[in-house]
Amino acid sequence: MDQSDVTSLETRLKLLGYLMCFAAPIVFLVLIWTVLAPGENIEPPAGDDTEMFIWILSAMSIAEPVIGYVLRKRQLNADAVAARSVQGNVSQGIFVGHLVGYAFAICPAVFGMVIFLVTHNATLASVLICISPIAYLFFRPTESTVRDLARDAEAKLAIPR
């Protein structure tokens, strides 16, 4: 991959990350706070099942970015990228590896929205939704990491640059 390809890939990865980890949570927060009229008090459903549901989704919201970080590290090494590369195109392998990380990073926002829809707990939902942009800070690509990964994967595939 030449420098323009690396820059283009990094730009696409960052745009995807911004859309998944910033734009979607912002839309979720806007939806939550527009559904709630000022001064409105929505009664959440009562019961032990609802409380257990909240605890499970809250725990998953914290665990998902950690799991995603570990899986992303396993997906973004030269061997894995070379194995996923189609016809020597390592950019696809790098893109898929980052996509896995972003998918796990957006999970807290989705779980927060689900908690709001089921329990009407806007505060907890907002906190969980805000985890996704924070997770992006650990998943964002840099030009140097993309360039080094592409170089190493191409060396594994023995592709002349």
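Scoring rules and cut-offs
- Residues numbered from 1 in each chain as written.
- Predicted model: local features only at pLDDT ≥ 70, side-chain atom pairs only at ≥ 80, totals over all residues.
- Heavy atoms only, no water.
- 1 Å grid on protein atoms, 1.4 Å probe; cavity = no way out; pocket = protein on both sides within 12 Å on 5 of 7 lines; lining within 4 Å.
- Points joined across faces, edges and corners; volume = space filled by probe spheres on them.
- Helix = DSSP H or I, 4+ residues; strand = E, 2+ residues; numbered from the N terminus.
- Nonpolar A, V, L, I, M, F, W, Y, C, P; charged D, E, K, R; others polar.
- Phe/Tyr/Trp six-rings, centres within 6.5 Å; stacked < 30°, edge-to-face > 60°.
- Buried < 20%, exposed > 50% of the residue type's maximum accessible area, 1.4 Å probe, protein only.
- Core = buried A, V, L, I, M, F, W, Y, C linked by side-chain atoms within 4.5 Å.
- Contact = heavy atoms within 4.5 Å.
- Expected span 1.5 Å × (residues − 1).
- Bend = angle between axes of the 7 residues up to and from the residue.
- Patch = residues over 30% accessible without salt bridge, like charges linked within 9 Å, V, L, I, M, F, W, Y side chains within 5 Å.
- Areas by Shrake-Rupley, 256 points an atom, 1.4 Å probe, with all protein chains shown as cover.
- Salt bridge = Lys/Arg side-chain N within 4 Å of Asp/Glu carboxyl O.

Draft legend 1. The layout of surface pockets, seen in detail. In this model, the largest pocket occupies a volume close to 210 Å³. Along the walls of the largest pocket sit Tyr 69, Arg 72, Lys 73, Leu 76, His 98, Phe 138, Arg 140, Pro 141, Thr 142, Thr 145, Val 146 and Leu 149, which together make up its complete lining. Those elements that place two or more of their residues in the lining of the largest pocket are helix H2 (48–75) and helix H7 (143–157). Along the lines of polarity and charge, the residues of the lining of the largest pocket split into six nonpolar, three polar and three charged.

Draft legend 2. Examining the packing of aromatic side chains more closely. Evaluation of the coordinates by the stated rule reveals five aromatic pairs. When the centroid spacing of 6.2 Å and the interplanar angle of 70° are considered together, the rings of Tyr 69 and Phe 139 count as edge-to-face. Pair noted here: Tyr 69 is in helix H2 and Phe 139 is in helix H6 (residues 131–139), with a separation of 70 residues, a long-range link. When its relative accessible area of 32% is taken as the criterion, Tyr 69 is described as partly exposed.

Draft legend 3. Focus on unusual backbone geometry. Phi is positive for His 120, close to 65°, though the residue is something other than glycine. As for its position among the elements, His 120 is in the loop between helix H4 (90–119) and helix H5 (122–129). Take His 120: its relative accessible area is 31%, and that puts it in the partly exposed class.

Draft legend 4. The arrangement of the nonpolar core in detail. Core analysis: the largest hydrophobic core is formed by 30 residues, its most contacted members being Ile 32, Val 81, Ile 94 and Tyr 102. Within the residue set of this core, elements represented by two or more residues are helix H1 (3–35), H4, H5, H6 and H7. A per-element tally of this core places H1 first, with nine residues. The residues contacting Tyr 102, other than those within four sequence positions of it, are Leu 13, Lys 14, Leu 16, Gly 17, Met 20, Cys 21, Tyr 136, Phe 139, Arg 140 and Pro 141. Grouped together as the second largest cluster of nonpolar side chains are five residues, Cys 107, Phe 111, Ile 115 and Leu 128 included.

Draft legend 5. Quick look at H4. Over its 30 residues, H4 extends 44 Å from the first C-alpha to the last, a length consistent with the 44 Å expected when each residue adds 1.5 Å. If you look at H4, its biggest bend is around 30°, right at Cys 107, and the proline Pro 108 turns up within four residues after that. At the exit of H4 stands His 120, carrying a positive phi of roughly 65°.

Draft legend 6. Highlighting the environment of Leu 124. As for its position among the elements, Leu 124 is in helix H5. For Leu 124, a relative accessible area of 22% puts it in the partly exposed group. Separated by twelve residues in sequence, Leu 124 and Gly 112 have C-alpha atoms that sit 7.2 Å apart. Contacts of Leu 124, omitting those with residues within four sequence positions, involve Ile 54, Ser 58 and Ile 115.

Draft legend 7. How the structure looks around a nonpolar patch on the surface. Residues Val 66, Tyr 69, Val 70, Ile 134, Leu 137 and Phe 138 make up a contiguous nonpolar surface patch of roughly 590 Å² in combined accessible area. One can find Val 66 in helix H2. Here Val 66 falls in the exposed class, since its relative accessible area comes to 52%.

Draft legend 8. Structural detail: the pattern of salt bridges. Under the defined criterion, the tally for this structure stands at four salt bridges. The shortest N-O distance in the salt bridge between Arg 151 and Asp 152 comes to 3.7 Å. The partly exposed category is assigned to Arg 151, whose relative accessible area is 34%. Here the residues in one salt-bridge network are Asp 148, Arg 151 and Asp 152, joined through shared partners.

These figures capture arrangement, not role.
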